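The lines below spell out each chain.
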Amino acid sequence: MWLMHWTFRILPTWCGGAIREWAKRSLVQEVSRVGRLHPEAISEGLFLCNHTLQVSPAVQISARAGASVPVQPQSAWNAGGLSSSLNGTGMKDFCSYESQLLQGVKSRNIPADGDVYGRAQLRNTLSRFTCKTMWAWYEPISPHLAAAREGSTVPDTMVVEAIQRSLQALSSSRKTSGHREDAGDCAEKWAILETAGGVASPGPSGSLQCDMYRSLRFSGLLVGDGRLGGISTTIAAYESLRSRGYDIPAIVIVDSGLSNEEPVLQYLRHKIPVVVLPPLPEDPNKRLEEWFRLAEGTFLELMNVLENSHSKRLRRLEEMPKMAGEILWWPFTQHDLVAQDSITLIDSRSGENFSVYKSGTPSTGKTIATQFDACASWWTQGPDSILQPEIAREVAYTAGRYGHVMFPENVHEPALRCAEILLAGAGRGWAERVFFSDNGSTAIEVAIKMAFRKYIVDHGLSDPSTIERRGGQLKVVALKGSYHGDTLGAMEAQAPSAYTGFKQQPWHVGRGFFLEPPTVFQRQGRWHLQLPRVFHDSDSSDSASSGWKSRDEIFDICRDSTPLANLYIRSINQQLAAAVREENNVPAALIIEPVMHGAGGMDMIDPLYQRMLVRECRRRGIPTIFDEVLSGCWRFGVESAVDLLGCSPDIACYSKLLSGGLVPLAATLATQAVFEAFRGISKLDALLHGHSYTAHAVGCASAVVSLQYFSDPSKNSNLLPGGRRLRELWKPELVSLISSHQSVERVVSVGTIFALELRANAAESGYASMLSKELVENLRQEGIYTRPLGNVVYLMCGPLTQPKTCTTMLEKLLALLG
């Protein structure tokens, strides 16, 4: 029969209706009755238990007034490792516990007063059937209504954490229960989480259950509807789960005589099985043993389907790291330095967290662990677990409505709305045109073309021979250490670096005047200025020499009137004049990463220097490009770095966080004056640049949802009053402590970014450094996924990340530093 040697745990997380009414018809009682009628179905014994842990005050009052279920002491629950109270939820400890033991065929052969060892071993090999209700309300209605009416709401995080604890306890019990080694795989364990109502029914907080459980991403056994209208209901439920990333190995339908399974299978194209159970008895109070007998084969089939699906998933997860190492070519990765067991296998993502598969050891077993994505998946991520499904729904709608449509001379709502939001947000006050492309590097290519054309038109250089006669060419003004992308044109706008060396880009010559900028950083709790060598022969005395107490002082616009500002201006003009004089070339565009150089090592540039550089280039008629691929869209705690620098560009590039990190999308914003430089009567005067997927509707729709969400105070609790800046996410006291650590050279933090440079000698520093390897591995073990830049380790969160999450990461980092 079907009860051989199993451990089942049913988790009806919550229930409504008086406990005595629910328990009277519980599955536990029915299994007990069937087991007594058919003892031959039980091999060694079956231990049944029914728990109810916490209840609303209404249930507790009802139970005290005459419930048949005894109330156990709180210690009975506390012994299970759970908290004895739920502060602020209104729920009360109830701790109802019913249990019974059904003897099996083998257990009947051991006398009650004989073979104590044999009976102890038998207890360890009993099949177990546990039904645990974690929270219960009195009224038999939807949990969110019952919770509201009875004043006892349970937060989503508490529900998920309680389920995780219960499942972890079930998993670990096998290691400590004394199962015989020869039991092998016969001692199976099943845990079934039973939801209340449909997949989109609200939980006690009001969140839809399909959203609330998403971080757990269980395989979902969908119970379809065999009645009239059930085809639509079943398919809608299936699509709701799939769009959220759930795997559905099978659908179960109770036969109602309408053959609903056939059109459902046709819709699914037979990708998954639809299992049909016999019709339920007309009388709901009728004993169900006959129905169980008729359904036994179907249940066995269903169990086989679920087992095979689970086994197939595990096999695939086990083989993926090896296969990845054999056929994939990872970017920015030396494969010879990547061991197979160090490959991170990401099973899914929920909000800001990876679900990472770990094959483990015989003692730990296979697990899905949570890791916070602390590199924001190469700086692209920002959505939390609420925004992620919102973006997914909008993208699904947009893909269904548009697919992809070409863009030149056309318009569609997602592109137009995205452009409107960008001009009102990041481009507020200066930009009037939006040019879409596909990634940050391409956005830079477009920006350089725009800037050069603007310079050519403004300076009357439309005839190329004018420049050629001077023996020169147009070049950019850029900063050493900056990084603007991997395409050939973008690389030419960068000074020589690890990314532009001969082995990486043999064509690279660096078509620019590259200035070495002063940097600012925190050390020993204070912010300091580091001037490059070019300033050492100058009178660089300034109040900044003693440092600053806070980062805000560095961004203070009042610094423009200091001697240091004048020093910067003199140095900039001298270097530009010397470059033009010596190389006979024309500085035709300024391009900077505002505030911070990202891939160059998370160096924060003195904002005063960048502001003076923009001012001097503008005075010379040189168009300015802000590369905001990293800094834009709230990454630095503001929509645009313009709000930090206190000056605006002629052109700016946005990508990464622009689409919420879901799909590649980039935008280059420009002033109307830049746009006018491309107008004319010939098509050859237009900007002849574009991509097959320019302004693709899916990416633009994703950007619209993300940008609106980040900027909405009712949804983003990190926005300060006024909605222009995020609150401080990295606890200043912890940042200061880390900056004072003996192994730390410097620290920077701004907006969603915290970075530190490990102290190293020249041979151990730089992009190729392996100095941070141990620290990064330990951070990952602590549930923080990060990827270093040589001996620079950074943590990156999103505009929606709660400060307490950032605090936890900093605390773990500080502990690991020792």
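Here is what the cut-offs are and how they apply
- Residues numbered from 1 in each chain as written.
- Predicted model: local features only at pLDDT ≥ 70, side-chain atom pairs only at ≥ 80, totals over all residues.
- Heavy atoms only, no water.
- Helix = DSSP H or I, 4+ residues; strand = E, 2+ residues; numbered from the N terminus.
- Buried < 20%, exposed > 50% of the residue type's maximum accessible area, 1.4 Å probe, protein only.
- Contact = heavy atoms within 4.5 Å.
- Areas by Shrake-Rupley, 256 points an atom, 1.4 Å probe, with all protein chains shown as cover.
- Pairing = 2+ DSSP bridges.
- Axes fitted to C-alpha atoms, helices over the stretch in contact; angles between N-to-C directions.
- pLDDT = per-residue confidence, 0-100.
- Expected span 1.5 Å × (residues − 1).
- Patch = residues over 30% accessible without salt bridge, like charges linked within 9 Å, V, L, I, M, F, W, Y side chains within 5 Å.
- Salt bridge = Lys/Arg side-chain N within 4 Å of Asp/Glu carboxyl O.
- Parallel < 35°, antiparallel > 145°, perpendicular 65-115°, else oblique.
- Left-handed = near helix turned anticlockwise from the far one by under 90°.
- Core = buried A, V, L, I, M, F, W, Y, C linked by side-chain atoms within 4.5 Å.
- Polar contact = N/O pair within 3.5 Å; in protein donor to acceptor, adjacent residues only side chain to side chain.
- Phe/Tyr/Trp six-rings, centres within 6.5 Å; stacked < 30°, edge-to-face > 60°.
- Lys NZ or Arg CZ within 6 Å of the ring centre and 35° of its normal.

Turning next to the overall build of the protein. When you go through the protein residue by residue, the secondary structure sums to 26 helices and 27 strands. Considering the protein as a whole, with its 818 residues, one finds that 50% of them fall into the buried category. Counting contacts in the protein only where the partners sit at least 6 residues apart, residues at least 24 apart contribute 71% of the total. Carbon and sulfur atoms make up 53% of the accessible area of the protein, which totals about 38600 Å².

Right, let's talk about the sheet that holds strand β13 (residues 433-437) for a bit. Read from one edge of the open sheet, 7 strands run β13-β23-β22-β21-β18-β14-β15, paired in mixed fashion. Sheet topology places β13 and β15 (512-515) at the edges, where each strand pairs with a single neighbour. Taking each pair of neighbouring strands and ignoring which way they run, the sheet shows an average axis angle of 20 degrees. Where strand β22 (residues 651-654) and strand β23 (residues 666-670) come together, 4 bridges link them in antiparallel fashion. Of the residues in β23, the one forming a bridge with C653 is T668. Sheet strands in contact with helix α19 (residues 563-583) are β14 (474-479), β15 and β18 (586-592), and its direction is about 145 degrees off that of β15.

When you line up the elements, T801 lands in the loop between β27 (792-796) and α26 (803-817). Ignoring anything within four residues of it in the chain, the contact list for T801 reads E352, F372, N718, L729 and C806.

So, on to the sheet that holds strand β11 (residues 353-358). Taken in spatial order, the 4 strands of this open sheet run β10-β11-β12-β26, and their pairing is mixed. Across the chains shown, the open sheet's two edge strands, defined by having one partner strand only, are β10 (345-350) and β26 (784-785). Running at roughly 115 degrees to β10, helix α11 (residues 289-327) makes contact with β10, β11 and β12 (367-373) of the sheet.

Moving on: the confidence of the model for the protein. Per-residue confidence for the protein averages 87 on the pLDDT scale, and 87% of its residues sit at or above 70. For the stretch residues 18-25, pLDDT sits under 50, and the model shows 17 contacts to residues farther than four places along the chain or on other chains.

Now for the pairing of strand β25 (residues 753-758). In terms of burial, β25 is largely enclosed, as 6 of its 6 residues are buried. Side-chain alternation along β25 places I753, A755 and E757 on one buried face and F754, L756 and L758 on a second face that is also buried. With 6 bridges connecting them, strand β24 (residues 744-750) and β25 associate as antiparallel partners. In the sheet register, V747 faces β25, and the bridge partner there is L756. The antiparallel hairpin formed by β24 and β25 contains 2 residues in its connecting segment, where G751 sits at a positive phi of about 60 degrees. Summarising the sheet, β25 and β27 pair through 5 bridges and their orientation is antiparallel.

The next point concerns helix α13 (residues 387-402). Relative to the 22 Å expected for 16 residues at 1.5 Å per residue, α13 spans 22 Å between its end C-alpha atoms, a close match to the ideal helical length. On its buried face, α13 is in contact with α8 (209-212), α14 (413-424) and α23 (697-710). Phi turns positive, to about 60 degrees, at G403, one or two residues after α13.

Our next topic: a nonpolar patch on the surface. A contiguous nonpolar patch, built from M323, I327 and L328 and spanning about 290 Å² of accessible area, is present on the exposed surface. Among the secondary structure elements, L328 is positioned in the loop between α11 and β10. Overall, the relative accessible area of 44% leaves L328 in the partly exposed class.

Here the focus is the pairing of strand β3 (residues 45-55). Counted residue by residue, β3 has 11 buried out of 11 residues, so it is predominantly covered. Two strands pair when backbone bridges link them, and β3 and strand β4 (residues 92-103) are joined in this way by 10 bridges, in the antiparallel orientation. Counterpart to L46 in the pairing with β4 is L102. Bridge count for β3 against strand β5 (residues 127-136) is 9 bridges, and the pairing is parallel. Note on β5: the bridge partner recorded for Q54 is W135.

Our focus in this paragraph is the packing of α13 against α23. The N-to-C vectors of α13 and α23 enclose an angle of 150 degrees; their axes lie 8 Å apart at closest approach. Accordingly, the angle class assigned to the pair α13 and α23 is roughly antiparallel. Along this stretch, α13 crosses α23, giving a crossing that reads as right-handed. Within the contact between the two elements, α13 uses L387, E390, I391, E394, V395, T398, A399 and Y402 and α23 uses A697, V698, A701, S702, V705, S706, Y709 and F710.

To continue, consider the nonpolar core. It is characteristic of soluble globular proteins that their nonpolar side chains tend to be buried jointly. Counting residues in hydrophobic clusters, the biggest one holds 126 residues, and the most contacted among them are F436, M450, V595, M596, M602 and L613. With 9 residues, the single largest contributor to this core is helix α15 (residues 440-458). When near neighbours in sequence (up to four residues on either side) are disregarded, F436 contacts F407, A415, C418, A419, L665, A666, A667, T694, A695 and C700.

What follows covers α15. Taking 1.5 Å of rise per residue, the 19 residues of α15 would be expected to cover 27 Å, and the 27 Å separating its terminal C-alpha atoms lies within 8% of that figure. Among the 19 residues that make up α15, 14 are buried, leaving the element largely enclosed by the rest of the structure. Between the side-chain oxygen of the N-cap and the backbone nitrogen of S441 there are 3.0 Å, and the N-cap of α15 in question is N439. Taken from the residues just after α15, G460 is the one with a positive phi, measuring 65 degrees.

Turning our eyes to something else, we now look at the packing of aromatic side chains. Taken as a whole, this structure holds 13 aromatic pairs when the rule is applied. Measuring from centroid to centroid gives 6.3 Å for F407 and F436, while their planes differ by 80 degrees, and the two rings are edge-to-face. In this pair, F407 sits in the loop between α13 and α14 while F436 sits in strand β13, placing the two residues 29 residues apart along the sequence. The exposure class of F407 is partly exposed, given its relative accessible area of 22%. Linked through ring pairs, F332, W378, Y483, Y499 and Y767 together constitute an aromatic cluster. One cation-aromatic arrangement involves R433 over F675; the distance from NZ or CZ to the ring centre is 3.7 Å. Over the ring of F513 we find K475; its NZ or CZ atom is 5.9 Å from the centre of that ring.

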